[in-house]
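# Coordinate analysis (summary)
So the chains spell out like this:
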Amino acid sequence: MCPKTPHGDYPQEETACHIIPSIAGKRVLLTGCASGIGKATAEVFAAHGVHMVICDIQDDIGQSLTSQISASNPNSKIQYQHLDVSVRSECNAVVEAAVRFLGGLDSLIHAAGSIHQDVAETITESELDRMLDVNIKGTVFMNQAVFPYLKTRGGTILNFGSDIASEPLPLLAHYAASKGAVQSFTRAVAREWGKYGIRANAVLPAVWTPIIDMYRENLEEESLEGHDVFMSDRVCLGEKFGDVEIDLVPVLAFLVSDASRWITGQMVPVNGGLSLVR
């Protein structure tokens, strides 16, 4: 075990390895692996003996990550697949290939997503189409694609919602709408598919990723200062976005693990208290 501080918290320089529940041997399909949440999840899960097929549209990055993870974790089976989640046929083909490679499937972690900033009154049809194609259709397509394989023996689905769905930020009206739809869809399939032993939950993360950097870069100085003040006031744990590896990935591991067998249909906020789910 790693040392703890007098208050019981792990030192910040420590990693998620200390607080991950048992997930060794789980067979996971992970989308959106090229950066941020998907990349950190792939790295930590592999270190804990998870077998994975990881997917993205950025093939050079995805293949490089796969080689790196495989070299560091020889006991984990890892494969990369190109996947545009907005294309139903690709979703079906990748899931079928993943099941063959892994010898079955236990979990889908659907981290792929799209975000674009614009004021509400000038959102174009093409911008809206892209947001809905990736965030909503992609979620529906991937959930549908894994359903036949999870139906026979149960399993877990983790989709990604957002606090922005209920408390939107400037420039993100269409993103907020798409994530609200993801959350409603997740609740619906949890109800419909629970009889098959399938657990579906949506994670609502407030963690620092390249997407946060991109959002901040597009804010004017006054808006950026206001955003920082807002976060300081609202995030009661740490007054800023959390760390992906330490604060979020252990929660994903818990939701994939058998320890969460009685949790489904939930919006799981991993946000330091930024907003309250109701």
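Residues numbered from 1 in each chain as written. Predicted model: local features only at pLDDT ≥ 70, side-chain atom pairs only at ≥ 80, totals over all residues. Heavy atoms only, no water.

UniProt lists a comment for the chain under the heading Sequence similarities (unreviewed entry), and it reads "Belongs to the short-chain dehydrogenases/reductases (SDR) family." (UniProt positions renumbered as here; feature names shortened; annotations may be inferred.)

Our focus in this paragraph is the overall build of the chain. A count of helices and strands for the chain gives eight helices and seven strands. Sorting the 278 residues of the chain into buried and exposed places 49% on the buried side. Of the contacts formed within the chain by residues at least 6 apart in sequence, a portion of 74% connects residues at least 24 apart. Of the roughly 13,300 Å² of accessible surface on the chain, a fraction of 52% belongs to carbon and sulfur atoms. (Helix = DSSP H or I, 4+ residues; strand = E, 2+ residues; numbered from the N terminus. Buried < 20%, exposed > 50% of the residue type's maximum accessible area, 1.4 Å probe, protein only. Contact = heavy atoms within 4.5 Å. Areas by Shrake-Rupley, 256 points an atom, 1.4 Å probe, with all protein chains shown as cover.)

Pairs of aromatic rings are described using the distance from one ring centre to the other and the angle between the two planes. Tallied over the entire structure, the rule returns two aromatic pairs. The interplanar angle of 75 degrees and the centroid separation of 5.4 Å between the aromatic rings of Phe 147 and Tyr 196 together place this pair among those described as edge-to-face. Remark: Tyr 196 occurs in the loop between helix H5 (173-193) and strand S6 (198-205) and Phe 147 occurs in helix H4 (residues 125-151); sequence separation between them is 49 residues. Assessed through its relative accessible area of 27%, Tyr 196 is described here as partly exposed. Taken together, Phe 147, Trp 193 and Tyr 196 form an aromatic cluster joined through their ring pairs. One cation-aromatic arrangement involves Lys 77 over Phe 101; the distance from NZ or CZ to the ring centre is 4.9 Å. (Phe/Tyr/Trp six-rings, centres within 6.5 Å; stacked < 30°, edge-to-face > 60°. Lys NZ or Arg CZ within 6 Å of the ring centre and 35° of its normal.)

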